[in-house]
Amino acid sequence: MISKDSIIALATPPGAGAIAVIRISGDDAIQLASRFFKPVGKKELLTQKSHTIHLGHIIENERVIDEVLLSIFKGPNSYTGENVVEISCHGSNYIQQEIIQLFLKNGCRMANAGEFTLQAFLNGKLDLSQAEAVADLIASDNEASHQIAMQQMRGGFSNEIKKLRDELLNFASLIELELDFAEEDVEFADRSQFKELLNRIQRVLKRLIDSFAVGNVIKNGIPIAIVGEPNVGKSTLLNALLNEERAIVSDIAGTTRDAIEDEITIGGIGFRFIDTAGIRDTQDVVENIGIKKTFEKIDQAQVVVYLVDGSQLSADNTSILQTEIAKIKNKYPQKPLITIANKIDLTDKSQISNLKSQAPDLFLLSAKTGEGVEELKSKLLEFVNTGALRNNDTIVTNSRHYDSLLKSLEEIEKVQQGMELGISGDLLAIDIRQALYHFGEITGEISSDDLLGNIFANFCIGK
Ligand SMILES: Nc1nc2c(ncn2[C@@H]2O[C@H](COP(=O)(O)OP(=O)(O)OP(=O)(O)O)[C@@H](O)[C@H]2O)c(=O)[nH]1
Ligand SMILES: [Mg+2]
């Protein structure tokens, strides 16, 4: 997988811009650049120090392509660990392409997606989970996902895993050593210390595994389903939350048939709102498919917003409302539920105060005028359990890591059971090795070309 070619790619987004950055990495990167770069100053590029920037021109056969700033980073003190050159040129498509073509004609090859970061991993600049965090960081579009990616990139997560792996490795070697002295019946590995370590590892693994539930929703946006009977104003509420005419609104019951989703950021956290088909008994085949989908969306949602038409509610039918709510609550006992009376702009004052005393949990708003929509956003934020985030705990967002953590836990629990049953050291050692293997998968101490190919294929070119 390691190639000795110098690789080149545009590091900034494709298209015209004020400037563009072209990156070259490889042993020959600086040598190559010096052939086509004429510095404004006297000193040759090859004699310049690492981590310096130089003004000059990119010249092909006497033709000046552009005036550029060229930065050099000498390996191993560079992003990839190899020699790296970054050319900041003017951001015209034409200039970008001319410069890239020039280097391609002269010994560089086009970088694959994520290849710079792959090199960094192969050269030990980052471990695998840190490299993956680089992609997450680039993809993060809100404060919460940014914070998690930053923490992972700094190695918070892998340091924790590596430390435990080292301790476990230490015990594994002691137990394996005992096997060499089987006749003498010696015990190098202190069993009570080992039990204590296993318990500690189990606790950490469980915490990390649990954090995935939070991590996953933060990365993908917390799903909130907006449900209720037809015409109560679900689509109007979606539009009000998104501040955009996203869904069709009409006074015809059964307007929305397919679930409509979109994301916004509230208080630094991404939310994904799902407008659904109104729930009712109907003969319409298409509408029924939509209603079936509504229940699927409730299943997937983190919070359910149940909407009723407040102007149709009178003090004596709040009991009907309560039974409706009870139905949903019974069906989804674990789901946080917010019940909303919409259209309070049509509801008269005395009725509003009536509702407030009859059903104190009822949230009152008008999707049409926007009254109460901001308060709803704050309430949604409260509902989201981001305690872990606030505490700055490590949060797992990557399903590959999640998978390896589950497998590690399974093996650790096998070792624990084995210890309880007093199984022989050689059997114990096998399970410990398995656990170590899954730990190593996370940080990349254990990796295959297939796995690396998969991970880095999801990166942008130039990173
Ligand atoms: N006055 C008033 N009218 C509203 C309010 N919210 C929605 N409406 C109106 O109620 C009607 C139905 O709104 P929709 O948003 O389409 O209702 P829905 O719940 O999505 O309906 P379905 O998609 O059919 O299930 C439309 O005429 C809206 O303009 C509100 O807060 N006040
Ligand atoms: Mg609708």
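Draft legend 1. Up close: the packing of aromatic side chains. On inspection of all chains with the given rule, the structure shows five aromatic pairs. For the pair Phe212 and Tyr402, a centre-to-centre distance of 4.0 Å together with 15° between the ring planes defines the contact as stacked. With a gap of 190 residues between them, Phe212 in helix α7 (residues 191–220) and Tyr402 in helix α14 (residues 399–421) connect regions that are remote in the sequence. Of note, Lys331 hangs over the ring of Phe295, and the distance from its end group to the ring centre comes to 3.9 Å. The positively charged end of Lys463 is found above the aromatic ring belonging to Tyr79, 4.3 Å away from the centroid.

Draft legend 2. Geometry of the pairing of strand β11 (residues 303–309). In terms of burial, β11 is largely enclosed, as seven of its seven residues are buried. A two-sided burial pattern is seen for β11, the buried positions comprising Val303, Val305, Leu307 and Asp309 on one face and Val304, Tyr306 and Val308 on the other. Where strand β8 (residues 222–228) and β11 come together, five bridges link them in parallel fashion. Each bridged residue has a counterpart across the sheet, and for Ile226 the counterpart in β11 is Val305.

Draft legend 3. Representation of the nonpolar core in the model. Judged by nonpolar contacts, the single largest core of 33 residues is most densely connected at Leu237, Phe271, Phe273, Ile340, Leu376 and Leu380. Among the elements that take part in this core, helix α8 (residues 234–242) stands out by supplying four residues, more than any other. Split by domain, this core shows at least three residues from each of two domains, domain 2 (131–216 + 395–456) and domain 3 (219–388). Once you skip the residues sitting within four places of it in the chain, Leu237 turns out to touch Ile226, Val305, Leu307, Ile340, Leu365, Ala367, Val373 and Leu376.

Draft legend 4. Up close: the coordination of the magnesium ion (ligand 2). Coordination sphere of the magnesium ion (ligand 2), protein contribution only: Ser235 (OG) and Thr256 (OG1), at 2.0 Å. Here Ser235 is found in helix α8, whereas its partner Thr256 is found in the loop between α8 and β9 (260–266), with 21 residues between them in sequence. Considered together, Ser235 and Thr256 belong to a single accessibility category, that of buried residues.

Draft legend 5. Inspection of the sheet that holds β11 at higher detail. The sheet built from six strands is open, its strands ordered β9-β10-β8-β11-β12-β13 with mixed pairing. Where the open sheet ends on each side, the last strands, each with one partner, are β9 and β13 (363–364). For strand β12 (residues 337–342) and β13, the ladder comprises two bridges, and the chain directions are parallel. By the bridge assignment for β13, Ala341 is matched with Leu364. Those strands touched by helix α10 (residues 318–331) are β11 and β12, and its axis lies near 150° from that of β12.

Draft legend 6. Highlighting the site of ligand 1. Near ligand 1 you find 23 residues, and of these Lys234, Thr236, Gly254, Thr255 and Asp345 are the closest. For ligand 1, whose free accessible area comes to 650 Å², the fraction covered by protein is 92%. When atoms are counted within 2 Å of each cavity's grid points, the one that captures over half of ligand 1 is the largest pocket. For the shell around ligand 1, the element with the most residues is α8, which contributes three residues. Looking at the shell around ligand 1 residue by residue, the class counts come to seven nonpolar, eleven polar and five charged.

Draft legend 7. Geometry of the pairing of β9. Summarising the sheet, β9 and strand β10 (residues 269–275) pair through seven bridges and their orientation is antiparallel. Within the sheet, the bridge partner assigned to Glu263 lies in β10 and is Arg272. The hairpin turn running from β9 into β10, its antiparallel successor, is two residues long, and Gly267 in that turn takes a positive phi close to 55°.

Draft legend 8. Highlighting the sheet that holds strand β4 (residues 52–60). Spatially, the seven strands line up as an open sheet ordered β3-β4-β5-β6-β2-β1-β7, and their pairing is mixed. Both edges of this open sheet fall to β3 (37–39) and β7 (108–110), since each of them pairs with a single strand only. Going from strand to strand, the sheet's axes swing by 35° on average, the running direction of each strand aside. Here strand β2 (residues 19–25) pairs with strand β6 (residues 84–90) via seven bridges, running antiparallel. The partner of Ile19 across the bridge, within β6, is His90.

Draft legend 9. Looking closely at the environment of Leu208. With respect to the helices and strands, the residue Leu208 is situated in helix α7. A relative accessible area of 0% means that Leu208 is categorised as buried. The sequence separation of Leu208 and Leu126 amounts to 82 residues, and the corresponding C-alpha distance is 21 Å. What Leu208 contacts, discounting residues up to four positions off in sequence, is Phe157, Ile161, Thr394, Val396 and Leu405.

Draft legend 10. Region of interest: a nonpolar patch on the surface. Residues Val40, Ile53, Leu55 and Leu69 make up a contiguous nonpolar surface patch of roughly 370 Å² in combined accessible area. Position of Val40 relative to the elements: it lies in the loop between β3 and β4.

Draft legend 11. Geometry of the domain arrangement of the protein chain. Split by domain assignment, the protein chain resolves into domain 1 (6–126), domain 2 (131–216 + 395–456) and domain 3 (219–388). With centres defined by C-alpha atoms, the gap from domain 1 to domain 2 works out at 39 Å. Between domain 1 and domain 2, the residue contacts involve eight residues of the former and seven residues of the latter. A combined buried area of about 590 Å² lies between domain 1 and domain 2, and 78% of that area is made up of carbon and sulfur atoms. When the buried area of domain 1 at its contact with domain 2 is split by residue, Leu118, Phe121 and Leu126 rank highest and sum to 62% of it. Between the two partners, domain 1 and domain 2, sit zero residue pairs in polar contact (both at pLDDT 80 or more). Of the residues assigned to the side of domain 1 that touches domain 2, the class counts are six nonpolar, two polar and no charged.

Reading the values: the criteria
- Residues numbered from 1 in each chain as written.
- Chains lettered and ligands numbered in written order.
- Predicted model: local features only at pLDDT ≥ 70, side-chain atom pairs only at ≥ 80, totals over all residues.
- Heavy atoms only, no water.
- Phe/Tyr/Trp six-rings, centres within 6.5 Å; stacked < 30°, edge-to-face > 60°.
- Helix = DSSP H or I, 4+ residues; strand = E, 2+ residues; numbered from the N terminus.
- Lys NZ or Arg CZ within 6 Å of the ring centre and 35° of its normal.
- Buried < 20%, exposed > 50% of the residue type's maximum accessible area, 1.4 Å probe, protein only.
- Pairing = 2+ DSSP bridges.
- Core = buried A, V, L, I, M, F, W, Y, C linked by side-chain atoms within 4.5 Å.
- Domains from an automatic or database assignment.
- Contact = heavy atoms within 4.5 Å.
- Donors = N, O, S within 2.8 Å, 3.2 Å for Na, K, Ca; no water.
- Axes fitted to C-alpha atoms, helices over the stretch in contact; angles between N-to-C directions.
- Near = heavy atom within 4 Å.
- Areas by Shrake-Rupley, 256 points an atom, 1.4 Å probe, with all protein chains shown as cover.
- 1 Å grid on protein atoms, 1.4 Å probe; cavity = no way out; pocket = protein on both sides within 12 Å on 5 of 7 lines; lining within 4 Å.
- Sits in = over half its atoms within 2 Å of the grid points.
- Nonpolar A, V, L, I, M, F, W, Y, C, P; charged D, E, K, R; others polar.
- Patch = residues over 30% accessible without salt bridge, like charges linked within 9 Å, V, L, I, M, F, W, Y side chains within 5 Å.
- Salt bridge = Lys/Arg side-chain N within 4 Å of Asp/Glu carboxyl O.
- Buried area = accessible area lost by both parts, 1.4 Å probe.
- Polar contact = N/O pair within 3.5 Å; in protein donor to acceptor, adjacent residues only side chain to side chain.

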